Each structure stands twice: as structure tokens, then as C-alpha cells.
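Now for the letters of each chain:
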Amino acid sequence: MTSELFSPLSLRSGQVLRNRIAKAAMEENMAGDGQLPGQELFGLYRRWATGGTGLLITGNVMVHAEALTGPAGVVLDESAPLEPFIEWAKAGKAGGGKIWMQINHPGRQIASDMPGVVWGPSDVGVSLGKHSRRFGRPVAMTAEQIQATVSRYAVTAQRAEQAGFDGVEIHAAHGYLLSQFLSPLVNKRTDQWGGSLENRARMLLDVVRAVRAAVSPSFAVAVKLNSADFQRGGFDADDARQVIEMLAPLGVDLVELSGGSYESPAMTGRRTDSRTQAREAYFLDLAKDLVSSSPLPLMLTGGISRRETAERVLDNGVAVVGMGTALAVTPDLPDRWRQGRETDRQLRPVTWSDKALASAAGMAQVRHQMRRIARGNEPRPGTHPAVALISEMRRQRKALRRYRAWLPARVAA
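These lines cover the structure that appears in this document, whether it is placed above or below. (Residues numbered from 1 in each chain as written. Predicted model: local features only at pLDDT ≥ 70, side-chain atom pairs only at ≥ 80, totals over all residues. Heavy atoms only, no water.)

Regarding a positive patch on the surface
Put simply, the rule reads: Without a salt bridge and with relative accessible area above 30%, a residue can belong to a patch; like charges are then joined within 9 Å and nonpolar side chains (Val, Leu, Ile, Met, Phe, Trp, Tyr) within 5 Å. Shrake-Rupley sampling with a 1.4 Å probe provides the accessible areas, and residues are treated as covered by the protein chains on show and by no other component. By definition, a salt bridge exists where a carboxyl oxygen of Asp or Glu is found within 4 Å of a side-chain nitrogen of Lys or Arg. Asp and Glu are treated as the negative residues and Lys and Arg as the positive ones, with His and the ends of the chain left uncounted. Charge placement uses NZ in Lys and CZ in Arg. For Asp and Glu, CG and CD serve respectively. In this text, helices come from DSSP runs of H or I with a minimum length of four residues, and strands from runs of E with a minimum of two, each type numbered from the N-terminal end.
On the surface, a cluster of positive charge is made up of R375, R394, R395, R397, K398 and R401. In this fold, R395 is placed in helix α13 (residues 385-412).

Brief notes about the pattern of salt bridges
This structure, assessed with the given rule, holds 21 salt bridges. Close ionic contact of E256 with K224 constitutes a salt bridge, the shortest N to O distance being 3.4 Å. Note that E256 is positioned in strand β11 (residues 254-258) and K224 in strand β10 (residues 220-226), a separation of 32 residues in sequence. Look at the salt bridges and you will find they share partners, linking E27, R367, R371 and E392 into a network.

With respect to the pairing of strand β13 (residues 320-323)
Heads up, the condition is: Per-residue accessibility, obtained with a 1.4 Å probe over protein chains only, is compared with the maximum for each type, and a residue is labelled buried under 20%, exposed over 50%, and partly exposed between these values. A pair of strands counts as paired when DSSP detects no fewer than two bridges linking them. Note on handedness: a crossover is taken as right-handed if, strands pointing away from the viewer, the path from the first strand over the helix to the second is clockwise.
The side-chain alternation of β13 yields two buried faces, one formed by V320 and G322 and the other by V321 and M323. Relative to β13, strand β3 (residues 21-23) is paired through three bridges, and the arrangement is parallel. Among the inter-strand pairings, K23 is bridged to a residue of β13, identified as M323. Read from strand β12 (residues 298-301) through helix α9 (residues 307-315) to β13, the crossover connection turns out right-handed.

What about the environment of Q365?
With respect to the helices and strands, the residue Q365 is situated in helix α12 (residues 355-374). The class for Q365 is buried, based on a relative accessible area of 3%.

With respect to the pairing of β10
Burial within β10 is extensive, with seven of its seven residues counted as buried. Side chains A220, A222, K224 and N226 project from β10 onto one buried face, and the interleaved V221, V223 and L225 project onto a second face that is buried too. Two elements, strand β9 (residues 167-172) and β10, share six bridges in a ladder whose sense is parallel. Residue pairing across strands places V168 opposite V221, the latter belonging to β10. Across five bridges, the pairing between β10 and β11 is parallel. By the bridge assignment, A222 is partnered in β11 with L254.

Quick notes on the side chain of D166
The line we're drawing: Throughout, a contact is declared for two residues whenever any of their heavy atoms are within 4.5 Å.
As for its position among the elements, D166 is in the loop between α3 (143-163) and β9. Under the relative-accessibility criterion, D166 is labelled buried at 12%. Other than its neighbours up to four places away in sequence, D166 contacts Q15, K93, G97, K98, I99, W100, F219 and A220.

A word on α9
Among the residues of α9, R307, T309, A310, E311, V313 and L314 are the ones counted as buried. G317 sits one or two positions beyond α9 and adopts a positive phi of about 95°.

Things to note about unusual backbone geometry
With a phi angle near 55°, N29 is a residue other than glycine that sits in the positive phi range. Of note, N29 is situated in the loop between β3 and α1 (39-49). N29 sits in the buried class, given a relative accessible area of 8%. A positive phi angle, near 60°, is found at H174, a position not held by glycine. With respect to the element layout, H174 can be found in the loop between β9 and α4 (177-182). Given the relative accessible area of 10%, H174 is considered buried.

Considering the packing of α1 against α12
Applied cut-off: Axis definition: a line fitted to C-alpha atoms, limited for helices to the stretch in contact. Angles are taken between N-to-C directions and run from 0 to 180 degrees. These descriptions rest on fixed angle ranges, namely under 35 degrees for roughly parallel, over 145 for roughly antiparallel, 65 to 115 for roughly perpendicular, and the rest for oblique. Three classes are used, and their members are as follows: Ala, Val, Leu, Ile, Met, Phe, Trp, Tyr, Cys and Pro are nonpolar, Asp, Glu, Lys and Arg are charged, and the others, Gly among them, are polar.
At a minimum axis separation of 8 Å, α1 and α12 run at an interaxial angle of 90°. Accordingly, the angle class assigned to the pair α1 and α12 is roughly perpendicular. Mapping the contact onto sequence places E40, G43, L44, R47 and W48 in α1 and M370, R371, I373 and A374 in α12. Taken together, the residues of the contact of α1 with α12 sort by class into five nonpolar, one polar and three charged.

Digging into the packing of α12 against α13
In contact at an axis separation of 8 Å, α12 and α13 are set at 80° when each is read in the N-to-C sense. Taken as axis vectors, α12 and α13 run roughly perpendicular relative to one another. Residues L357, A360, A361, A364, Q365, R367, H368 and R371 of α12 form the contact with α13, whose participating residues are P385, A388, L389, E392 and R395. Looking at the contact of α12 with α13, its residues break down into seven nonpolar, two polar and four charged.

Topic: the packing of aromatic side chains
The geometry of an aromatic ring pair is captured by two quantities: the separation of the ring centres and the angle between the planes. Going by this rule: Pairing of aromatic rings covers Phe, Tyr and Trp, the last through its six-membered ring, and needs centres within 6.5 Å; plane angles under 30 degrees mean stacked, over 60 mean edge-to-face, and all others mean tilted.
Tallied over the full model, the rule gives five aromatic pairs. Taken together, a centroid distance of 5.1 Å and an interplanar angle of 85° make the contact between Y45 and W48 edge-to-face. Of this pair, Y45 and W48 both sit in helix α1, three residues apart, which is roughly one turn of that helix. Side by side, Y45 and W48 carry an identical accessibility label, which is buried. Between W88 and F165, the ring centres sit 5.8 Å apart and the planes meet at 90°, which makes this aromatic pair edge-to-face. In this pair, W88 sits in helix α2 (residues 83-92) while F165 sits in the loop between α3 and β9, placing the two residues 77 residues apart along the sequence. For the residue pair W88 and F165, the accessibility class agrees, reading buried in each case.

Structure, rendered in C-alpha cells:
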């Protein structure tokens, strides 16, 4: 069966994706000793690589050892050994597709029990009602810290290329650091990095320039951007349109559209407001408007699990379909689509009224499936969300002890 889904896509860098299906980034929280990738990640990505996707994008890899989204996060900085990353890249290309590394800095979205630094464009903390205390109080970054962070992105990208990855995706969505700079609700600066959208986008644009200059022309550079933050007065679709136009001259290959943050987790299918939301292709309506004016090819992620939905996304002008949860429960879904089959697996729904807790449980369910795949087992999507969340919390406590023991030596080195 022929379909645009399975047609190649040539990118600006000259790189060719063998089809239009991408495994979007999902935070695996599987780092081993030294915050490095290990056998679990190799096994997981080898399974995905042989399932038919054209592109695998890793879960976020941290550019700063003192700032992790979670204690089991992978770090690739100037001091990290390359051998584990070389093995990871090989696993991700085992099926003939491409693998890109998503690179990220969490900024203010860091748990309060984590060591290290909590930075943001301003000292505006994460607001989650009774859950706000779970996050550290950020301090506003200095100009020197901003410049050093820009350089860290470039170092990580350069080392990713050395390890054999085909590209990087710069994470500027979901409320992480670069997204925080873009948001007028979080960025209250009055200097060159605050105020107008041009100023708020300055750090992202500087990161893109630094990364593009640090890697070869054939190495892909992508950006993950919110189509909207889904918060009143926040970054919106018109802002996204303007930022995409700013990125176009900088050698960007692809922009992935998503949405939300920890405060409004639209990327998981949940928002802080009560508006009805489509269960599939969450951000397609916003993407339609952006596609019409975008000078760059767009990738859309969020709630895509059926071939019919994926085809509809492409029919609306999107270049690449990104899937996360669907591939965590059916890692060979693209091959199934080729054969005219669909998946019969769905995660057990989380119906809790506490949206922040429900979002955490939903992510724990996905990680539970990824760990099963990594160990060579089949997913078990019927696992109760409470069981997955408790298991995840136990793993995180163990990882936190390991990270606390490791970090002082890395900082002193």
C-alpha cells in the first residue's frame, strides 16, 4: 500500500528521512551510572529502530550536569565519555533510519529535592497550586550564565555528531528553559533578553546559531516549539509563527510543533482549563494555520495513534508525523501500518481530577512500557496508573541518591 506516510523527505541539510513517521521525544529517565546511556536505552532504541520509523528523536539529553529534568537524566557535556553515546547512536540506526538527539536545559522546571541550580529568565516559580512546592525557586540568569548555556548547547550538539547521531533537536517547548525565555508570563526581564518577542527569542536564536556553527552542514538541526503554551497571556500561535520565520534563515531543517508546560500539560492531552480537547492530533488546528505561512517543514506531535489520523495530519501540509505514547505501547506500529494493520493497545486511562498528578501518572505509565520494551518484553498497557506512578517514584528516589553522589565530583572536575 503506497502512502505519503512512507515517502522520503529531503531536508535542507541534505539529509533524507526514509518516511514521514518519527518517534517523538519521550523522557526515558533511564540513565545509568555517571548519567550515561546504558543497556536499557540501547535495547529500547534498537527495538524502535527495527519497527519501521524514519526518524527516532531521543528523550531530552541535558546540556548542563547541574540542571536535570529528573535524577535519571542523561548528560552529554564536555566531560562525558563518548563511547556510550556511540553505542546509543548505533542502536538507533539499526533499522536503517535516522536518530537525532534532543538537547535541553530545564531552567526552572527542576524538582526542589534536586541538587544543582534552578535558573530561569526571571525569578518566577512554577505555579501548580498545592504542588508548587515540588519545584525549586528559580534565580534570574546573569548575562554570563546565558552565554555559558548557549555554549553548552553547542558543545552537546558537536559531541552528538562525533558520537554518530544524525542530528539534534533543540528543545524550546513544554516550559523548559528556552520556552521560558519565549514566554511573557515567565520572562520579566527588561534587558536584551526580555520584553519584545524579538528579545525573548534571542536566546533560542543564539543557541541555534551556535549549534549550526559547531556541526557540519550535513548534520540536521531541528527545533521543538510550542504552538501555544495554553495559558492566558502566554506564548501563542502568532508568536510561534513569528519565531518560525526568525528560525528560517539560520539553517534549521525542521520545526516540531507541540504545546503546553508543566503548568498546563497539553502535550499529555490535559490542560489547566476545562475546554474540551480532541483526543487525537491535539495541536492540528493550530498547526493548520502555521503550515500555511511556515517557510520551514513542520512536524506535529500529540495524540496521534491511528494511520487515518496520521494521514489527515499530512493532508493538512505537515511534513512529518510524530508519535510518542503510541510507539511506547506498539513499537512496530509503522510496520503494522505498512501491512494495513492497526494497534489494539491503549494505555489504561487516567481519570484523576488532580490534573498535575494525573499528568505525572500518565508519564509514569509510558515509562513503564518503555522499560518493558528495553528488557525485551512486550508492553503491558493495562498497568494501573497508580502502580506505575509508585514504581516510578521508587526508581526516582534511587536515582536521586546516585545523582547526589555523582554531581559534586563532576562539578569539581
